[in-house]
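# Understanding the architecture of this molecule
Each chain, written out:
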Amino acid sequence: MAAPPSPGYGQADNTSSSLDADAIKVETVLGHKQELRRNFGLFSLAGLGFVVANAWAATGGTIVVAIFNGGPMAVLYGLILVSIFYALISASLSELVSSIPSAGGVYHWATITAGPKYGRVTGWYAGWINMCGWLLSASSISSILGNELVAMYLLNNPGVEWKPWQVFIAFQTMNWLCCALVIFGNRYLPLINKIALWISLAGLAISILVLAIMPGQNGRKHATDAFVWTTFTDMSGWNNDGICFLLGLINAAFAVGTPDCQSHLSEEIVEPEKNVPKGIMLQIGSSFITAFAYLIALFYSINDINAVLASPSKFPTAEIYLQATGSTRGAIGLTAVLFLSTFPTLIGTLTTGGRTYWALARDDAAPGSGFFRKISPTFGSPLRATVAVSTVTTCLGIIYVGSTTAFNALVTSYVVLSTLSYAAAILPHILTGRKTIVPGPFYLGKWGWPINIASVVYIGVTCVLFCFPFVKPTTAQNMNYTSVITGGLIIFITIWWFIRGKGRYQGPKYFKEAAEALTQEGLTRAEKVASISSQEG
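Residues numbered from 1 in each chain as written. Predicted model: local features only at pLDDT ≥ 70, side-chain atom pairs only at ≥ 80, totals over all residues. Heavy atoms only, no water.

Moving on to the overall build of the protein chain. A tally of helices and strands in the protein chain yields 22 helices and 2 strands. Each of the 537 residues in the protein chain was classed as buried or not, and the buried ones make up 57%. Residue pairs in contact within the protein chain that sit at least 24 positions apart in sequence constitute 81% of those at least 6 positions apart. As displayed, the protein chain offers around 20,600 Å² of accessible surface, 67% of which is attributable to carbon and sulfur atoms. (Helix = DSSP H or I, 4+ residues; strand = E, 2+ residues; numbered from the N terminus. Buried < 20%, exposed > 50% of the residue type's maximum accessible area, 1.4 Å probe, protein only. Contact = heavy atoms within 4.5 Å. Areas by Shrake-Rupley, 256 points an atom, 1.4 Å probe, with all protein chains shown as cover.)

Once that is clear, we can look at the packing of aromatic side chains. In the structure shown here, the tally under the stated rule is 17 aromatic pairs. Between Trp 56 and Tyr 294, the aromatic rings sit 5.0 Å apart at their centres with planes inclined by 65°, giving edge-to-face as the arrangement. Of this pair, Trp 56 sits in helix α3 (residues 55–61) while Tyr 294 sits in helix α13 (residues 272–299); the two residues are 238 residues apart in sequence, bridging distant segments of the chain. Taken individually, Trp 56 and Tyr 294 each receive the classification buried, so the pair is uniform in this respect. Ring geometry for Tyr 86 and Tyr 458: centres 5.9 Å apart, planes at 75°, overall edge-to-face. Of the two residues, Tyr 86 is situated in helix α5 (residues 71–99) and Tyr 458 in helix α20 (residues 448–465); the sequence distance between them amounts to 372 residues. Assessed through its relative accessible area of 7%, Tyr 458 is described here as buried. The cationic tip of Arg 384 hangs over the ring face of Phe 371; the distance from NZ or CZ to the ring centre is 4.1 Å. The residue whose ring lies beneath Lys 472 is Trp 238, and the NZ or CZ to ring-centre distance is 4.7 Å. (Phe/Tyr/Trp six-rings, centres within 6.5 Å; stacked < 30°, edge-to-face > 60°. Lys NZ or Arg CZ within 6 Å of the ring centre and 35° of its normal.)

Glancing now at the state of the cysteines. Summed over the entire model, instances satisfying the criterion amount to 0 disulfides. Take Cys 467: it sits in no disulfide, and the sulfur closest to it among the cysteines is that of Cys 463, at 7.2 Å. Exposure remark for Cys 467: the relative accessible area of 22% places this residue in the partly exposed category. (Disulfide = S-S within 2.5 Å.)

To continue, consider the pattern of salt bridges. On inspection of all chains with the given rule, the structure shows 6 salt bridges. For Arg 362, the salt bridge identified is with Glu 267, shortest N-O distance 2.9 Å. Here Arg 362, found in helix α16 (residues 328–362), pairs with Glu 267, found in the loop between α12 (249–256) and α13; they are 95 residues apart in sequence, far enough to count as distant. For Arg 362, a relative accessible area of 11% corresponds to the buried category. Relative accessible area serves as the criterion here: at 1%, Glu 267 is assigned to the buried category. A salt bridge links Asp 364 to Arg 500; the nearest nitrogen and oxygen atoms lie 2.6 Å apart. Of this pair, Asp 364 sits in the loop between α16 and α17 (369–372) while Arg 500 sits in helix α21 (residues 482–504), and the two are 136 residues apart along the sequence. Grouping residues by exposure puts Asp 364 and Arg 500 together as buried. Through salt bridges with shared partners, a single network forms among Asp 364, Arg 500 and Arg 504. (Salt bridge = Lys/Arg side-chain N within 4 Å of Asp/Glu carboxyl O.)

The residue Trp 496 is located in helix α21 in this model. Spatially, the C-alpha atom of Trp 496 lies 9.1 Å from that of Ala 365, the residues being 131 residues apart in sequence. Beyond its immediate sequence surroundings of up to four residues, Trp 496 is in contact with Trp 124, Trp 128, Ala 365, Ala 366, Pro 367 and Gly 501. Here the side chain of Trp 496 touches Ala 365 through a polar contact of 2.9 Å, landing on its backbone oxygen. (Polar contact = N/O pair within 3.5 Å; in protein donor to acceptor, adjacent residues only side chain to side chain.)

The periodicity of an α-helix, 3.6 residues per turn, causes residues three or four places apart in sequence to face the same way. Taking 1.5 Å of rise per residue, the 25 residues of helix α9 (residues 189–213) would be expected to cover 36 Å, and the 36 Å separating its terminal C-alpha atoms lies within 8% of that figure. All of the buried residues in α9 are Leu 189, Pro 190, Asn 193, Ala 196, Leu 197, Ser 200, Gly 203, Leu 204, Ser 207 and Leu 211. (Expected span 1.5 Å × (residues − 1).)

On to the packing of α9 against α13. At a minimum axis separation of 8 Å, α9 and α13 run at an interaxial angle of 25°. One way to sum up the angle between α9 and α13 is to call them roughly parallel. The chirality of how α9 crosses α13 is left-handed. Residue-level contacts link Leu 204, Ser 207, Ile 208 and Leu 211 of α9 to Thr 290, Ala 293, Tyr 294, Ala 297 and Leu 298 of α13. Along the lines of polarity and charge, the residues of the contact of α9 with α13 split into 7 nonpolar, 2 polar and no charged. (Axes fitted to C-alpha atoms, helices over the stretch in contact; angles between N-to-C directions. Parallel < 35°, antiparallel > 145°, perpendicular 65-115°, else oblique. Left-handed = near helix turned anticlockwise from the far one by under 90°. Nonpolar A, V, L, I, M, F, W, Y, C, P; charged D, E, K, R; others polar.)

This part is about the side chain of Asn 69. Locating Asn 69 in the fold gives a position in strand β1 (residues 69–70). Of the polar contacts made by the side chain of Asn 69, one reaches the backbone oxygen of Cys 244; its length is 3.5 Å. Ignoring sequence-local partners within four residues, the contact set of Asn 69 consists of Ala 74, Thr 233, Ser 236, Cys 244, Phe 245, Leu 247, Gly 248 and Phe 470.

Attention now moves to a nonpolar patch on the surface. Residues Tyr 188, Leu 191, Ile 195, Ile 199 and Leu 340 make up a contiguous nonpolar surface patch of about 490 Å² in total accessible area. Here Leu 191 shows up in helix α9. (Patch = residues over 30% accessible without salt bridge, like charges linked within 9 Å, V, L, I, M, F, W, Y side chains within 5 Å.)

Okay, unusual backbone geometry next. Residue Lys 472 is joined to Pro 473 through a cis peptide bond whose omega torsion reads 0°. The residue Pro 473 is located in the loop between α20 and α21 in this model. Here Asp 364, not a glycine, exhibits a phi torsion of approximately 65°, which is positive. At Arg 434, a residue that is not glycine, the phi angle is positive and equals roughly 55°.

This paragraph deals with the side chain of Ser 142. Tracing the backbone shows Ser 142 in helix α7 (residues 115–156). Apart from residues no more than four positions distant in its own chain, Ser 142 is found in contact with Phe 171, Asn 175, Leu 346 and Thr 393.

Residues of the protein chain with pLDDT of at least 70 account for 89%, and the chain-wide mean is 84. In the model of the protein chain, helix α22 (residues 512–536) stands out as the element of lowest mean pLDDT, 57, in contrast to α20, which has the highest, 95. (pLDDT = per-residue confidence, 0-100.)

Within the element layout of this structure, Thr 482 appears in helix α21. Taking the C-alpha atoms as reference points, Thr 482 and Cys 463, 19 residues apart in sequence, are found 9.6 Å from one another.

Contact geometry of α5 with α13 gives a least axis separation of 9 Å together with a crossing angle of 175°. As far as their axial angle goes, α13 and α5 are roughly antiparallel. By residue class, the composition of the contact of α5 with α13 is 20 nonpolar, 4 polar and 1 charged.

What follows is the structure, encoded as structure tokens:
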């Protein structure tokens, strides 16, 4: 068995017994050796979840689609609706990671919940769909950062015309800078996540205060209550309020839709069966609260919605900031705050994406598995897998120069692909009677059935809706290519299955008997401790 990592590494209060128990579970229950250092604690892991979601900053960076589809009212009520369903999805995934705390995440869970007959192929699709989702997420965050940088430049230079290549250069700079931080700063990632958490919270506080105070100065006014809460504005061309509202949910789904990110670090934290579910549920709660508060302040700052939609920088949030502060410097300052708060999100996304690709390579499911499964002995991280993720992200960014429409479809596809991968793990769990895994500390019990079913129904409905055109009439320039991208990627995954998977791929393991034995051993120890405590009392 692999020697457990030193208990003093990165987490001074971890005991050797906790690390030993975690290493034992990885090898005896999951069939893998402990290769990554467990240098994360609950606070740093929750910080990663908060930073990767960074819901308030994400809504600010992707607000344009939602404003067209119903206006502020639809965005706010849509966030409430989406957060409820993502809380159910988060609970479903928390239950699975509590039983199977693997860096593979949904890929590993889908393999086991589908049972021995269909597990290999189900896990294959779940893993690769999830991996594609994280690649698109890295691309979208790089794009948001690039747009924020360009927006600040254009605000300061109003005579300069927006060009796609400007965003492309900023996109690639951010991508590789964050990749370098993930690779060379692996030892400090827990600290980076803690600092990033406080930066994001400080940025949120500053943004809300400025947006709440400045619009009331120098004769400017806040938006009316009716504009924010009761006025439904359909600028999509659908002429159907229901469809218009549902399509606008994409903004909220993008903001809170990363509940699996912490699961990919399950092999880098002590007691993951307890701590990762806590982190996931903390993430969805904090995402909703921060995004909702920010959006309220943002929408009350609008005094000319048409100017927002016609923003020359292609980044409408910057125009809202300009209206709120009444000055170019104020708008640049708030956009800079948004940029600094969003920057760590890309660090967290590349961290998660690299771990996901490494997990696939570890199980011989990825191209060049023998090369990419290696852990860097110098930095203690999946360096090669992380570089591979940034390389593919670079290629996706090239599309931006050719067509912003096509690239925006890649961004939308992230939501569809990620939720499909969640369904690939949750749906088999339902169909097999929720009996293929040993319940962990986070167990839904009788509530598991309705929670799992509601999660799958939501995913099915929204995956279809998010493939609809966002505006009508539909042209080649404004068409939603999400269905084409999703279908194309699934075809490639299928081809790769027949080339690599069907004949030689075995998939991740789960030894249920070992899990039951360890669970019983834990219960026995707890009973002994309780008995001793009662005798001493």
